[in-house]
There are 2 protein chains.
Amino acid sequence: MKKDTKTELLEKGMAIIVEKGFNNTGIAEILQAVGVPKGSFYHYFASKEDFGIKMIDYFTESYFAELDEYLGNHTLSPLNRLLAKLYVNMDRLRASNYAGGCLFGNLAQELSSQSEVFRNRLYQAFESWMERITRIMDEGKEVGEVPLNLNSRELAEFYVNSIEGALIRCKLLKSDQPIEVFKKMFYQEICKVKEVQPI
Amino acid sequence: MKKDTKTELLEKGMAIIVEKGFNNTGIAEILQAVGVPKGSFYHYFASKEDFGIKMIDYFTESYFAELDEYLGNHTLSPLNRLLAKLYVNMDRLRASNYAGGCLFGNLAQELSSQSEVFRNRLYQAFESWMERITRIMDEGKEVGEVPLNLNSRELAEFYVNSIEGALIRCKLLKSDQPIEVFKKMFYQEICKVKEVQPI
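Residue numbers here run from 1 along each chain, matching the order of that chain's written sequence. Written order decides the labels, with chains lettered from A and ligands numbered from 1. Side-chain atom pairs in this predicted model are given and counted only at pLDDT of 80 or more, local residue features only at pLDDT of at least 70, and totals for whole chains, interfaces and linings cover all residues. Heavy atoms throughout the structure, all of them, feed into the side-chain values; hydrogens and water do not.

Peer 1: Go over the overall build of chain A with me, naming the residues and quoting the values.
Peer 2: Only DSSP runs of H or I reaching four residues or more are called helices, and only runs of E reaching two or more are called strands; each is numbered from the N terminus. Secondary structure summary: chain A contains 9 helices and 0 strands in total. Listing each helix as α and each strand as β along chain A from the N terminus yields α-α-α-α-α-α-α-α-α. It is over C-alpha atoms that the radius of gyration is taken, and the globule rule equals 2.2 Å times the number of residues to the power 0.38. For chain A, the C-alpha radius of gyration of 18 Å lies close to 16 Å, the compact-globule estimate for 199 residues. For the C-alpha atoms alone, the extent of chain A along its principal axes is close to 55 × 40 × 30 Å. In chain A, which comprises 199 residues, the share counted as buried stands at 56%. Two residues qualify as a contact provided that any one of their heavy atoms is within 4.5 Å of a heavy atom in the partner residue. If you take every contact in chain A between residues at least 6 apart in sequence, the share linking residues at least 24 apart comes to 63%. Exposure was quantified through the Shrake-Rupley algorithm and a 1.4 Å probe, taking into account, for residues, occlusion by the shown protein chains and nothing else. Surface accessibility of chain A: about 8500 Å² in total, with carbon and sulfur atoms responsible for 51%. Chain A carries 25 positive and 28 negative side-chain charges, and their two centres are separated by 4 Å. The buried label applies to any residue whose accessible area, calculated with a 1.4 Å probe on protein chains only, is under 20% of its type's maximum; exposed applies above 50%, and partly exposed to all values in between. For the purpose of counting charges, residues Lys and Arg are taken to be positive, whereas Asp and Glu are taken to be negative. His and the chain ends are not included. A single reference atom marks each charge: NZ on Lys, CZ on Arg, CG on Asp, CD on Glu.

Peer 1: Can you lay out helix α9 (residues 177–190) of chain A for me, pointing to particular residues and giving the numbers?
Peer 2: A helix's residues, less one, multiplied by 1.5 Å, set its expected span. When the terminal C-alpha atoms of α9 of chain A are compared, their 19 Å separation across 14 residues agrees well with the 20 Å that a helix rising 1.5 Å per residue should span. The element α9 of chain A is extensively covered by neighbouring structure, given that 10 of its 14 residues are classed as buried. Where the residues of α9 of chain A are buried, they touch α5 (78–95), α7 (116–142) and α8 (152–173) of chain A together with α8 (152–173) and α9 (177–190) of chain B.

Peer 1: So what about the pattern of salt bridges? Which residues, and what values?
Peer 2: Opposite charge on two side chains allows them to pair when their charged atoms are near. Residue and element names in this part refer to chain A. Salt bridges are defined as contacts in which a side-chain nitrogen from Lys or Arg sits within 4 Å of a carboxyl oxygen from Asp or Glu. The final tally for this structure, using the stated rule, is 33 salt bridges over all chains. Arg 119 serves as the salt-bridge partner of Glu 116, at 2.9 Å between the closest nitrogen and oxygen. With Glu 116 and Arg 119 both in helix α7, this residue pair falls 3 residues apart, about one helical turn. Overall, Glu 116 belongs to the partly exposed group, its relative accessible area being 45%.

Peer 1: I'd like a description of α8 of chain B, backed by residues and values.
Peer 2: Residue and element names in this part refer to chain B. Between the first and last C-alpha of α8 there are 31 Å, a value that for 22 residues agrees with the 32 Å anticipated at 1.5 Å per step. Taking burial as the measure, the 22 residues of α8 include 19 buried ones, the bulk of the element. Two N or O atoms form a polar contact when they lie within 3.5 Å of each other; inside protein one atom must be a possible hydrogen donor and the other a possible acceptor, and for residues adjacent in sequence the pair counts only when both atoms belong to side chains. Measuring from the backbone nitrogen of Arg 153 back to the side-chain oxygen at the start of α8 gives 2.9 Å, which picks out Asn 151 as the cap. Looking one or two residues beyond α8, the residue adopting positive phi is Lys 174, at roughly 50 degrees.

Peer 1: So, the interface of chain B and chain A: which residues are in play, and what are the values?
Peer 2: Contact residues are listed per partner, giving 44 residues for chain B and 44 residues for chain A. Together chain B and chain A conceal approximately 4200 Å² of surface at their shared face, both sides included; 59% is due to carbon and sulfur atoms. Buried area is understood as the total, over both parts, of accessible area removed when two parts are fitted together, assessed with a 1.4 Å probe. Three residues stand out in chain B for area buried against chain A, namely Gln 109, Arg 169 and Leu 172 of chain B, and they jointly supply 18% of the buried area on that side. Here chain B and chain A share 4 salt bridges between them. Glu 157 of chain A is the salt-bridge partner of Arg 169 of chain B, the closest N and O atoms lying 3.3 Å from each other. Here chain B and chain A share 19 residue pairs in polar contact (both at pLDDT 80 or more) between them. Elements with a contribution of two residues or more to the side of chain B that touches chain A: α1 (5–20), α6 (103–111), α7 (116–142), α8 and α9 of chain B. No other element matches the 14 residues that α8 of chain B contributes to the side of chain B that touches chain A. Under the convention adopted here, Pro, Cys and the residues Ala, Val, Leu, Ile, Met, Phe, Trp and Tyr are nonpolar, Asp, Glu, Lys and Arg are charged, and Gly plus all remaining residues are polar. Counted by class, the side of chain B that touches chain A contains 19 nonpolar, 13 polar and 12 charged residues.

Peer 1: Which residues make up the relation of the copies chain B and chain A, and what values go with them?
Peer 2: Least-squares fitting of one copy onto the other uses the C-alpha atoms of those residues that reach a pLDDT of at least 70 in both copies. Taken as rigid bodies, chain B and chain A are interconverted by a rotation of 180 degrees and an axial shift of 0.0 Å, the fit giving an RMSD of 0.0 Å. Those values place the two copies in the arrangement expected of a two-fold rotation axis. Closest to the rotation axis within chain B is the C-alpha of Gly 165 of chain B, separated from it by 1.8 Å. A share of 100% of interface residues in chain B that are also interface residues in chain A marks the association as one of identical surfaces.

Peer 1: An account of the state of the cysteines is needed here, citing residue identities and associated values.
Peer 2: Two cysteines joined by a covalent bond between their sulfur atoms form a disulfide. Residues and elements named next belong to chain A. When two cysteine sulfur atoms lie within 2.5 Å, the pair is treated as a disulfide. Across all of its chains, the model carries 0 disulfides over all chains by this definition. A disulfide-free cysteine, Cys 170 has its sulfur positioned 12 Å from the sulfur of Cys 102, the nearest such atom. Of the residues examined, Cys 170 reaches a relative accessible area of 0% and is grouped as buried.

Peer 1: Lay out unusual backbone geometry in plain terms, naming residues and giving numbers.
Peer 2: At Tyr 98 of chain A, a residue that is not glycine, the phi angle is positive and equals roughly 60 degrees. Relative to the helices and strands, Tyr 98 of chain A is located in the loop between α5 and α6 (103–111). Even without a glycine there, the phi angle at Asn 97 of chain B is positive, about 55 degrees. Looking at the element boundaries, Asn 97 of chain B is found in the loop between α5 (78–95) and α6. The exposure class assigned to Asn 97 of chain B is partly exposed, which follows from its relative accessible area of 42%.

Peer 1: Break down the side chain of Asn 161 of chain A for me, citing the residues and quoting the values.
Peer 2: Position of Asn 161 of chain A relative to the elements: it lies in helix α8. For Asn 161 of chain A, a relative accessible area of 2% puts it in the buried group. When sequence neighbours within four positions are dropped, the list of residues in contact with Asn 161 of chain A reads Met 130 of chain A together with Gly 165, Ala 166, Arg 169 and Pro 178 of chain B.

Peer 1: Any details on the packing of aromatic side chains? Residues and values, ideally.
Peer 2: Paired rings are identified among Phe, Tyr and Trp, the last through its six-membered ring, by centres lying within 6.5 Å, and are further divided according to the angle between planes into stacked (under 30 degrees), edge-to-face (over 60) and tilted (the rest). Counted according to the given criterion, the structure contains 42 aromatic pairs over all chains. By the ring-pair criterion, three or more aromatic residues cluster together here, those being Phe 158, Tyr 159, Phe 182, Phe 186 and Tyr 187 of chain A together with Phe 158, Tyr 159, Phe 182, Phe 186 and Tyr 187 of chain B. Two thresholds decide whether a charge sits over a ring: the Lys NZ or Arg CZ must be within 6 Å of the ring centre and within 35 degrees of the ring normal. The positively charged end of Lys 48 of chain A is found above the aromatic ring belonging to Phe 22 of chain A, 4.5 Å away from the centroid.

Peer 1: Kindly report on the packing of helix α4 (residues 48–71) of chain B against α5 of chain B, identifying the contributing residues and their values.
Peer 2: Residue and element names in this part refer to chain B. Every axis in this analysis is a line fitted to C-alpha atoms, fitted for helices over the stretch in contact. Angles between the N-to-C directions lie between 0 and 180 degrees. Close contact between α4 and α5 brings their axes to 8 Å; oriented N to C, the two are set at 135 degrees. For the element pair α4 / α5, the angle class is oblique. Between α4 and α5 lies a crossing whose hand is right-handed. In this structure, α4 contributes Tyr 63, Glu 66, Leu 67, Tyr 70 and Leu 71 to the contact, and α5 contributes Arg 81, Leu 82, Ala 84, Lys 85, Val 88, Asn 89 and Arg 92. Tallied by class, residues from the contact of α4 with α5 come to 7 nonpolar, 1 polar and 4 charged. For classification purposes, angles smaller than 35 degrees are called roughly parallel, those larger than 145 roughly antiparallel, those between 65 and 115 roughly perpendicular, and all remaining angles oblique. Put simply, a crossing is left-handed when the front helix is turned counterclockwise from the back one by less than a right angle, and right-handed when it is turned clockwise.

Below you can see the structure in the form of structure tokens.
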């Protein structure tokens, strides 16, 4: 089934923006990628900012729907569910030759000081992410994968923040290596997962 | 002594770009901040890209000169020298209401997929940074602050990358909290430094 124009604008716009940045992407470029006239854009979106906010909402929904599938897969241990999601994300990053990265992290870096509207929306997206990872850390404690003396919420924050930093360096190096180092430090040194497969 | 125009352009340009991004900053805005006409800019810089590269070089030089002072202060233990530098950086970030962050990290995120010239220059800047932190980890091993079984270079990479990620979240939250979490995890859980002062 052909996607509707609004969805196409959101998805193609996101693919361009995650690579080039929000300020650096013009509406004309998104229109060209989808092959629709300017009127189509303003039929669905009041402005570029409105598009940006709706794009974050769209990505938040699809990202967390997918994340929840991985985190709900009880055939794997809690930390291995997180790893399975990391592996699929890294496959995608590699396929793009490390051009994109994480939309949330990229926009937080670019727009937090520029727009309170974006900052609030991105704050919520990270909050939803943290809540999910905090629950996984709690579950990890129950099965002995996560040290009981560590605070699950702080572990979740460190997990997400450190991945965001590693992704910046993946873009710079065009390599998975920063994520490999992250995995080793987080899974083996902070948590006590003995063996972790390479990406 | 009044700074020369070239230095003023580099410093004021950097202050704007670290907050707004490279693509989102116009030459006119930098000229206005310094109060010089367009001709001055093109007297010193062939193009905006040339300015960007010279700005990275200028910041690299001044940043590492300051870092080397902190890391060479042998009245403190190796990891406490690193912490002392982190504290001064955080003072500055707080003073800017978390608007800026790390020029290297911001530009790596923004420009790595856009320009090989910038990517190579930023790669070198991170490399210089990693080398310094690797030496500190080696020194930390000598005094028992860093576990001997961990690879110093990997620790250095994890240190730098995780700080970059924490800084993105500091911008988003307008708070030091992500760096506090980083400190706890890196210093207390990965290394074995028992007590770390709050920022």
